[in-house]
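Topology and contacts: notes
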Amino acid sequence: METKSIMIVGVGGQGTLLSSRLLGAVLTAKGYDVKVSEVHGMSQRGGSVVTYVKYGDEVYSPIIEKGEADYILSFEQLEAARWLPFLKKGGKLIVNTQQIDPMPVVIGAAEYPQGVIEAIGATGADITSIDALSLAVEAGSSKAVNVVLIGVLASKTDIAYDTWVDAVKATVPAKFLELNLKAFDLGYNYK
Amino acid sequence: MAKELRIGNDAVARGLYEGGVRVVSSYPGTPSTEITEFISTYDDVYSEWAPNEKVAAEVALGAAIAGARAFCGMKHVGLNVASEPVFTGSYTGVNAGWVIAVADDPGMHSSQNEQDSRHYAKAAKVMMLEPSDSAECLEFAKKGFELSEQFDCPVILRLTTRVAHSRSLVEIGDRNDIGVKEYVKNPQKYVMMPAMARGRHVVVEQRLLDQAEWAESCELNRVEMNDTKIGVITSGVCYQYAKEALGKNASYLKLGCVYPMPIDIIRDFAAKCDKVYVLEELDPFIEEHCKANGIDVIGKEAFTVQGEYSQSLIAKVILGKETEAISTDLEIPGRPPVLCAGCPHRGLFYALKKQNVTVSGDIGCYTLGALAPLGMIDTCICMGASVSALHGRNKANPENEKKSVAVIGDSTFIHSGVTGLIDIAYNASNSTVIILDNSITGMTGHQQNPTTGKTIKGDPATAVNLEALAKAVGIDRVRVVDPYNLKETEAAIKEELAVEEPSVIISRRPCTLLKYVKHEKPLKVNADKCRGCKACMKIGCPAISFRDKKAVIDFTQCIGCGVCEQLCAFGAIEKGE
């Protein structure tokens, strides 16, 4: 099988690392060769963060470059636009409509662009936008945005529902399991 | 055994464990930190956070000489600090194996420079191995102990960010604990004074020749012959990039041992290929070795000494292939890292801004105080330099004393700030040093340190008392402030700048991300009272934004620290329910 590439992008502190761990667990359970590349340290502090997940028969490079991602899972609108050039032709983009102002916008040195979702749609990219924050709150915690989004991604792959649920069980702490399973389902069943 | 997905640093830790490591001492530094964090989860290994990398390396070498397999880990700039025991450890050699991990950061994801640590291997005349994925991290770490003992030499394991922080599959094995070897007194080997060191230098030079000969046939250096139009000599993660970009359209010589390097297998490989590229990030280390030996290779003239390589860079340069990319025509503002919502450093920097002082900065989360809108760091050089550079600044022109301060975190102060403070006291400059004590080593992801009262394993430990330490070195004026209290903090800075003697202000408040720190309910803006003056936005809190001419507080980020509340003249920021 040819190597598949998934990018998870967002803002430091949004919980993107848990999603990549979860994806890693699912793909390893399926018997693929897997590589996951994360960024730690300074850029985690509210900066633009990106995680690369690749799987297939044999994966070499741990990173994803422009035009290579089969899926981009974006935790924030502006980040979706920033990383759009990494999407492969025919790739799928899943975007949380949450908007987090970067510091240049907060201090008035730049503007948060309007109509981000529409502008991405106009490029012909296959985009699913979702208010994952509201669904996470519905599941019981604003912190569950990551699991809601993984639910959406799961619904677009050919990996079985149960494999995903097992990975959620193996990845999240027991006391938050119920909440996260609910968050996963809200994402998985999102139309 | 089933394969497990592990981050490179975790795999190094596992390899060290399986290789029988007994004593581990490190100082945190991205991207190396997790190696030692993972080791601390093994109960049958002694592990610790040392005050700095020099101490860590000395602890490890001391343990190795005493007969226990030992390890220390650090980031590239940490090796600058640890270099003295490493250079001399090359002469003394070891007894039980000593492995040192150094993690370089091409592209500077989290560093102040882009130095290439391979030069240290050459300068200190020690062997250096370079893994390219997690499986090799495990294998090479384990092998490091054998090689260290075989050649009686420290062995450096060189990682880069993409290897240290990428997860890939590893197969774990059993621990080979060789116990503690006998220590035999041998001053000719272990006492490095001129007469003995001269003798040891001869040993070191012979050892390098022996290692170079070993490198010609060792399994860590391997050749993969495919199409011979393109030959690639590479190591580390660049091997993975090359395989992805070129596949079977190229042949490869992959060096697992990057110092000392073989020459016969390189010459032999190059002779079989039409065109030979050297693919290595940062400096032309392998390339210069080839060229010095008259081997015709293409290296930095086609690539770069800056930043990271990638599969697409290699495909572009070697194959002339570029991938199409789509984009919008939106103007996308950058998203630089920021101090977290509720970060205690924010109030301190705001108070400094009101005093309009020059700030001698240091390495840690608070370096982010350099960015807008706070913009309150003037210099950032290296660990500890805030304190000593302030002393230098004040000696350059005593007028600076009234309008300059140093800021340094608790962990960084212990690392190498206290020596600068001793200089201030001893050589009398009226310097004002602010210790930002957030009760943890923050930027690297919450490691304990000598001031926190806990060991790496979370057990109770003796805590350095910063007030008593400052007084003991000769600073009489030592005071503590709460940076959430802007008035108190500002007043303290003003007073200490005014006095005619050195002083230390401890700005004390635990990092808001610590699990035990209780968060208050998020604050909210009363839109009827908000006049849209933006006073609350001067502190650069990521939880505050501006919508429809009013300030808005993001409930997912706000922890109710109350600093913005103190800035609002209209009482528009209220406690949430």
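If you're wondering where the values come from, they're calculated on a predicted model, not measured in any experiment.

With respect to the overall build of chain B
Across its full length, chain B carries 18 helices and 23 strands. Its C-alpha radius of gyration of 27 Å places chain B within 12% of the 25 Å reference for a compact globule of 577 residues. If one aligns the C-alpha atoms of chain B with their principal axes, the spans along those axes are about 80 × 65 × 50 Å. For chain B, with 577 residues in total, the buried portion stands at 59%. Across chain B, every contact between residues at least 6 apart in sequence was considered, and the portion connecting residues at least 24 apart equals 75%. Element-wise, carbon and sulfur atoms account for 51% of the exposed surface of chain B, whose accessible area totals about 22,600 Å². Across chain B, the 63 positively charged side chains and the 73 negatively charged ones have centroids separated by 5 Å.

Digging into the overall build of chain A
Each helix and strand counted, chain A has 8 helices and 6 strands in total. Along chain A, helices (α) and strands (β) appear in the sequence β-α-β-β-β-α-β-α-α-β-α-α-α-α when read from the amino end. Taken against the 2.2 N^0.38 rule, which gives 16 Å for 191 residues, the C-alpha radius of gyration of chain A at 16 Å falls within 12% of a compact globule. With the principal axes as the frame, chain A shows a C-alpha extent of 50 × 35 × 35 Å. When each of the 191 residues of chain A is scored for burial, the buried share is 61%. For chain A, the exposed area adds up to about 7,100 Å²; of that, 49% sits on carbon and sulfur atoms. Considering chain A, the positive charge centre built from 17 side chains and the negative charge centre built from 21 side chains are found 2 Å apart.

A look at unusual backbone geometry
Glycine aside, residues mostly have negative phi, and peptide bonds are mostly found in the trans state. Residue and element names in this part refer to chain B. In this structure, the amide linkage connecting threonine 30 to the following residue, proline 31, adopts the cis form with an omega of 5°. Structurally, proline 31 is set in the loop between β2 (23-26) and α2 (33-39). Look at the link from alanine 372 to proline 373: it is a cis peptide, with omega at 5°. Among the secondary structure elements, proline 373 is positioned in the loop between β14 (358-361) and β15 (379-380). In this structure, aspartate 152 is a non-glycine residue whose phi angle is positive, near 50°. Relative to the assigned elements, aspartate 152 resides in the loop between α6 (134-151) and β7 (155-160). Assessed through its relative accessible area of 22%, aspartate 152 is described here as partly exposed. One non-glycine residue with positive phi stands out, namely lysine 534, at about 70°.

Description of the packing of helix α4 (residues 76-92) of chain B against helix α9 (residues 194-217) of chain B
All names here are of chain B. Between α4 and α9, the least distance of the axes is 8 Å, while the angle of their chain directions is 85°. When the interaxial angle is binned, α4 and α9 end up roughly perpendicular. In this structure, α4 contributes Ser90, Tyr91 and Thr92 to the contact, and α9 contributes Ala197, Arg200, His201, Val204 and Arg207. Across the contact of α4 with α9, the residue classes tally to 3 nonpolar, 3 polar and 2 charged.

Section: the sheet that holds strand β10 (residues 230-234) of chain B
Residues and elements named next belong to chain B. Pairing is mixed across the open sheet formed by 4 strands, whose spatial order is β9-β11-β10-β13. The open sheet has two edge strands, β9 (222-224) and β13 (275-279), and neither has a second partner. When strand polarity is set aside, the average angle formed by the axes of neighbouring strands in this sheet is 15°. Inspection of the sheet shows β9 paired to strand β11 (residues 251-254) by 3 bridges, in the antiparallel sense. Across the sheet, residue arginine 222 finds its bridge partner in β11, namely lysine 254.

What about the interface of chain A and chain B?
The interface is formed by 60 residues belonging to chain A together with 58 residues belonging to chain B. For the pair chain A and chain B, the summed buried area comes to about 4,900 Å², and 62% of that belongs to carbon and sulfur atoms. Viewed at the interface, chain B and chain A are joined by 6 salt bridges. Among the ionic pairs, Glu79(A) bridges to Arg335(B), the shortest N-O distance being 2.4 Å. On the surface where chain A and chain B come into contact, there are 19 residue pairs in polar contact (both at pLDDT 80 or more). Secondary-structure elements contributing two or more residues to the side of chain A that touches chain B are α1 (16-29), β2 (33-37), β3 (48-56), α2 (77-83), β5 (87-96), α3 (103-106) and α4 (116-122) of chain A. Bridge analysis of β2(A) against strand β8 (residues 166-170) of chain B gives 3 bridges, and the strand direction is antiparallel. Bridge pairing in β8(B) places Lys35(A) opposite Ser168(B).

Quick word on helix α15 (residues 385-396) of chain B
Residues and elements named next belong to chain B. Over its 12 residues, α15 runs 16 Å from end to end, which matches the ideal 16 Å to within 8%, given 1.5 Å per residue. Three or more residues of α15 are buried, namely Ala385, Ser386, Val387, Leu390, His391 and Asn394. In this structure, the buried side of α15 is in contact with β14, β16 (404-409), α16 (410-426) and β17 (432-437).

Let's talk about the packing of aromatic side chains
With the rule as written, the count across this model stands at 13 aromatic pairs over all chains. The interplanar angle of 70° and the centroid separation of 5.0 Å between the aromatic rings of Tyr161(A) and Tyr188(A) together place this pair among those described as edge-to-face. Placement of the pair is Tyr161(A) in helix α7 (residues 161-171) and Tyr188(A) in helix α8 (residues 177-188), with a sequence separation of 27 residues. Judged by relative accessible area, which is 21%, Tyr188(A) ranks as partly exposed. Plain terms: the ring middles of Tyr239(B) and Tyr252(B) are 6.1 Å apart, the flat faces sit at 80° to each other, and that makes the pair edge-to-face. Placement of the pair is Tyr239(B) in helix α10 (residues 237-246) and Tyr252(B) in strand β11, with a sequence separation of 13 residues. In this structure, Tyr239(B) and Tyr252(B) share a single accessibility class: buried.

Some points on the side chain of Ser48(A)
All names here are of chain A. Here serine 48 is to be found in strand β3. Within polar-contact distance, the side chain of serine 48 engages the side chain of glutamate 79 at 2.7 Å. A polar contact is formed between the side chain of serine 48 and the side chain of tryptophan 83, at a distance of 3.5 Å.

Rules behind the numbers
- Residues numbered from 1 in each chain as written.
- Chains lettered and ligands numbered in written order.
- Predicted model: local features only at pLDDT ≥ 70, side-chain atom pairs only at ≥ 80, totals over all residues.
- Heavy atoms only, no water.
- Helix = DSSP H or I, 4+ residues; strand = E, 2+ residues; numbered from the N terminus.
- Rg over C-alpha atoms; globule rule 2.2 N^0.38 Å.
- Buried < 20%, exposed > 50% of the residue type's maximum accessible area, 1.4 Å probe, protein only.
- Contact = heavy atoms within 4.5 Å.
- Areas by Shrake-Rupley, 256 points an atom, 1.4 Å probe, with all protein chains shown as cover.
- Lys, Arg positive; Asp, Glu negative; His and termini not counted.
- Charge placed at Lys NZ, Arg CZ, Asp CG, Glu CD.
- Axes fitted to C-alpha atoms, helices over the stretch in contact; angles between N-to-C directions.
- Parallel < 35°, antiparallel > 145°, perpendicular 65-115°, else oblique.
- Nonpolar A, V, L, I, M, F, W, Y, C, P; charged D, E, K, R; others polar.
- Pairing = 2+ DSSP bridges.
- Buried area = accessible area lost by both parts, 1.4 Å probe.
- Salt bridge = Lys/Arg side-chain N within 4 Å of Asp/Glu carboxyl O.
- Polar contact = N/O pair within 3.5 Å; in protein donor to acceptor, adjacent residues only side chain to side chain.
- Expected span 1.5 Å × (residues − 1).
- Phe/Tyr/Trp six-rings, centres within 6.5 Å; stacked < 30°, edge-to-face > 60°.

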